[in-house]
Structures are given as C-alpha cells and as structure tokens.
Amino acid sequence: MAHCIVDTAESILDREIPVLDKGFVRLVDYMGGDERVVQSARVSYGEGTKTYREDAALIDYLLRNNHTSPFEQVVLTFHVKLPIFVARQWIRHRTARLNEISGRYSVLKDDFYIPASEDLAGQSAGNKQGRSDSTMESTEAEKIRTILETAQKNAYSDYSTLLEAGLARELARINLPLSLYTEWYWQIDLHNLFHFLKLRLDSHAQKEIRLYAEVLFDIAKKVAPRCCSSFREHILEGVRFSQKEFAELRRRLENQQPEKTKQENIEKTEDTLSGKELERFEEKLRKGRQI
Ligand SMILES: Cc1cc2nc3c(=O)[nH]c(=O)nc-3n(C[C@H](O)[C@H](O)[C@H](O)COP(=O)(O)OP(=O)(O)OC[C@H]3O[C@@H](n4cnc5c(N)ncnc54)[C@H](O)[C@@H]3O)c2cc1C
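Cut-offs and rules
- Residues numbered from 1 in each chain as written.
- Predicted model: local features only at pLDDT ≥ 70, side-chain atom pairs only at ≥ 80, totals over all residues.
- Helix = DSSP H or I, 4+ residues; strand = E, 2+ residues; numbered from the N terminus.
- Rg over C-alpha atoms; globule rule 2.2 N^0.38 Å.
- Buried ≥ 20, exposed ≤ 12 C-beta atoms within 10 Å, placed from the backbone.
- Contact = placed C-beta atoms within 7 Å.
- Core = buried A, V, L, I, M, F, W, Y, C linked by C-beta atoms within 7 Å.
- Near = placed C-beta within 6 Å.
- Nonpolar A, V, L, I, M, F, W, Y, C, P; charged D, E, K, R; others polar.
- Axes fitted to C-alpha atoms, helices over the stretch in contact; angles between N-to-C directions.
- Parallel < 35°, antiparallel > 145°, perpendicular 65-115°, else oblique.
- Left-handed = near helix turned anticlockwise from the far one by under 90°.
- Pairing = 2+ DSSP bridges.

A. View of the overall build of the chain. A count of helices and strands for the chain gives eleven helices and seven strands. Over its C-alpha atoms the chain spans a radius of gyration of 24 Å, topping by over 25% the 19 Å that the globule rule assigns to 291 residues. Once the C-alpha set of the chain is aligned to its principal axes, its extents read approximately 80 × 50 × 30 Å. Each of the 291 residues in the chain was classed as buried or not, and the buried ones make up 21%. Looking at the chain alone, contacts between residues at least 24 apart form 72% of all its contacts between residues at least 6 apart.

B. Broad picture of the nonpolar core. Counting 44 residues, the largest nonpolar core has Leu193, Tyr212, Leu216 and Ala220 as the members making the most contacts within it. Of the residues forming this core, the biggest block, eight residues, is contributed by helix α8 (residues 207-223). If sequence neighbours within four positions are ignored, Leu216 has contacts with Val25, Phe78, Leu193 and Leu197.

C. Spotlight on the site of the ligand. Near the ligand the following residues occur: Arg92, His93, Arg94, Thr95, Asn192, His195, Leu199, His204 and Ala205. The residue makeup of the shell around the ligand, split by class, is two nonpolar, five polar and two charged.

D. Just the packing of helix α3 (residues 52-64) against helix α9 (residues 225-236), in detail. Where α3 contacts α9, the axes come no closer than 9 Å and their chain directions differ by 40 degrees. One element, α3, and the other, α9, form an angle in the oblique class. Seen from above, α3 lies across α9 with right-handed handedness. Contacts from Ala56, Ile59, Asp60, Leu63 and Arg64 in α3 reach Arg226, Cys227, Ser230, Phe231 and His234 in α9. Residues of the contact of α3 with α9, tallied by class, amount to five nonpolar, two polar and three charged.

E. Inspection of unusual backbone geometry at higher detail. Positive phi values are uncommon outside glycine, yet Leu20 reaches one of about 55 degrees. By the element assignment, Leu20 lies in the loop between β1 (16-19) and β2 (23-31). Residue classification places Leu20 among the buried residues on the basis of 20 C-beta atoms within 10 Å. Within the chain, Asn66 stands out as a residue other than glycine whose phi angle is a positive 60 degrees. Along the chain, Asn66 falls in the loop between α3 and β3 (75-83). Classification of Asn66 by C-beta neighbours within 10 Å gives exposed; the count is 9.

F. Up close: the sheet that holds β3. Pairing in this open sheet of five strands is antiparallel, and the strands run β1-β2-β3-β7-β4 from one edge to the other. Because the sheet does not close on itself, it has two edges, and the strands there are β1 and β4 (97-100). Across this sheet, the average inter-strand angle for adjacent strands is 20 degrees, counted without regard to direction. Sheet topology places β3 next to strand β7 (residues 181-189); nine bridges connect them, and they run antiparallel. In the sheet register, Leu76 faces β7, and the bridge partner there is Ile188. Sheet strands touched by helix α7 (residues 190-200): β3 and β7. Its angle to β7, the strand with the most contacts, is close to 125 degrees. Across the face of the sheet, α8 comes into contact with β1, β2 and β3 while running at roughly 30 degrees to β2.

In structure tokens, the structure reads:
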C-alpha cells in the first residue's frame, strides 16, 4: 500500500525521448500510478485494492463523473528541452511546478530549433493561428531554413561577442530568438496533466507543442495505463455537445431510427454501445430531452 512501483514506468526512468530536432522529454520521477488512484478513492471506505477488473471500473467511473481528486495523487516530474516559443505556450498551464535554466546565471547553449522542410507551410487561410496543410516546395523550404539558420548563427555570435566584452549575462541574452532551446524540470499531477493533454493534443494546438504532448502522454501511459485509457475514452476522444447540437443529434436519431428498431439487430463492432454503456448513452439523450 505504501510506495507504488510501476514496472513500465521504471523501465523508462531517466531515458531521453527525442522531440523536434534537438529537444527531449525525460521522466525524472513519478509518484503513484493506477493503484494509488484506486487506493485514494477507496480510502473513505477503508477498503484496499480489489480485482484488476473492479479497479479498472472504479478508475473509469471516477474519470467519467469528474471525480478528479484521486488523479491528483499521481505526480510526474519531467526534464524537458524545448524551444522558447513552445515554452511560452506551455507555461500558460499554471497548475504545475517548474524550474528553468537561468540565462542570468549560465551561458546559454548554442542550440536552436530549425523546422524540418516538411514542417514548413504557408499561413492557413481558414485558421488565423495556424499553418496550412500544404507544405512549401523543396527549394523554397531550403531557402527558408537557410534564412532561419543564418539569423540564429548571427544572434549567437553577437551574444558571444557581448559576453566577451564583459556585458552581464542577463543583458547579453536579450536579442536571442524564440527558436533558442531552454530546459526545465516540470512537475504536474495526473489530473492537471490530462487537462494539458486535452488542450495540447488537440489539432488546433501548434504542431511543435503537440509533439511534446504526444511524448508526455506516452510516458503517462507507462505510469498509469488504466487512467490514461479512461482519459482517452471519456475526455480526449469524447465530444461535448452544445444544447442546440444535442437537440439536432436527437432529431436526427429519431428520424433515422424508428422506435421499433431493436439494438440487437445492429451489427456489433468494437465501437457499438451495449449494456451499461448503452444505458448511460440513453440516459444522456433523456437528459437532453428535459432541457
Ligand atoms: C490552441 C490554443 C490556442 C491558444 N491561443 C492563445 C492566444 O492566442 N493568446 C493567449 O493569451 N492564450 C492562448 N492560449 C492559452 C489559453 O488561453 C490558456 O491560457 C492555456 O491553454 C492554459 O489553459 P488553462 O488556464 O485552462 O490551464 P491551467 O493554467 O493549467 O489551469 C487549469 C485549470 O485550473 C483552473 N485555474 C487555474 N488558474 C486559475 C485561476 N487563477 N483562476 C481560476 N481558475 C484557475 C482553471 O479551471 C483552468 O482551466 C491558447 C491555448 C490553446 C490550447
């Protein structure tokens, strides 16, 4: 009951998982796992762990019903190397603890992010915040990469010149670009990590931070696989409907499915709802009817 050791998490501890051209994520430490979520949820009844199936059902229930505090009992500490423009998006998530390398204290490394040619795309016409799906033609892409690289080299060379001239590190750094890599230790509990992942795995998030989110999610799966699978089912892949959308869904279902249609007649696939899941879905539809 005391210290949770999760073998799959132990196997990746301290291992750098590469992201982008020079970045990485490394799991430094973790506290708890699926078992800790179950223990803390059951503490009020004084009951210990039950069978794997019951534990999995409990985790699923907690997540489905927004009983989030047991997930806060699982904590992960990551060491991350990331470009500053990714860090600026990342740091908007306030519910974590963080220590970043200090450019006042240390000389910053000559590490800059240059997007791969296939990641260079024009401005999206439909999304003011994003890039389009069509990538740049290869000679144009190489030209852009050269422009980026030259500017980065010049900025770092100026930084070195200013340091050599005796300027304080805290001032010498101020012209360094957003593509410079920084590093930090980032500690977050599983509930808040899920919130981060929901936002940053979304297709609207910038590709570079999405790639980090994918690695964080893979690591979280090693620490708390059952929790991650329920998160995927109910939150990540779940969809929230507005009142009007819900009414439309109900109308379409009623038009498509005459009342006499029996659920047994529908060919079952992995995605087919049945049993309790079907009951819960119908309960949601009934709830929508009362609005
Ligand atoms: C695709 C995308 C585009 C974005 N574009 C922009 C942009 O253009 N400009 C911009 O400025 N930001 C932008 N953001 C950042 C966004 O507005 C949020 O700041 C960021 O996603 C963090 O979300 P959060 O506050 O829910 O997370 P967290 O800070 O991790 O907070 C988690 C939850 O804790 C609660 N919480 C935390 N702190 C407080 C508090 N002080 N008071 C009350 N509740 C609190 C809230 O319920 C919150 O949802 C963007 C984010 C995404 C994902």
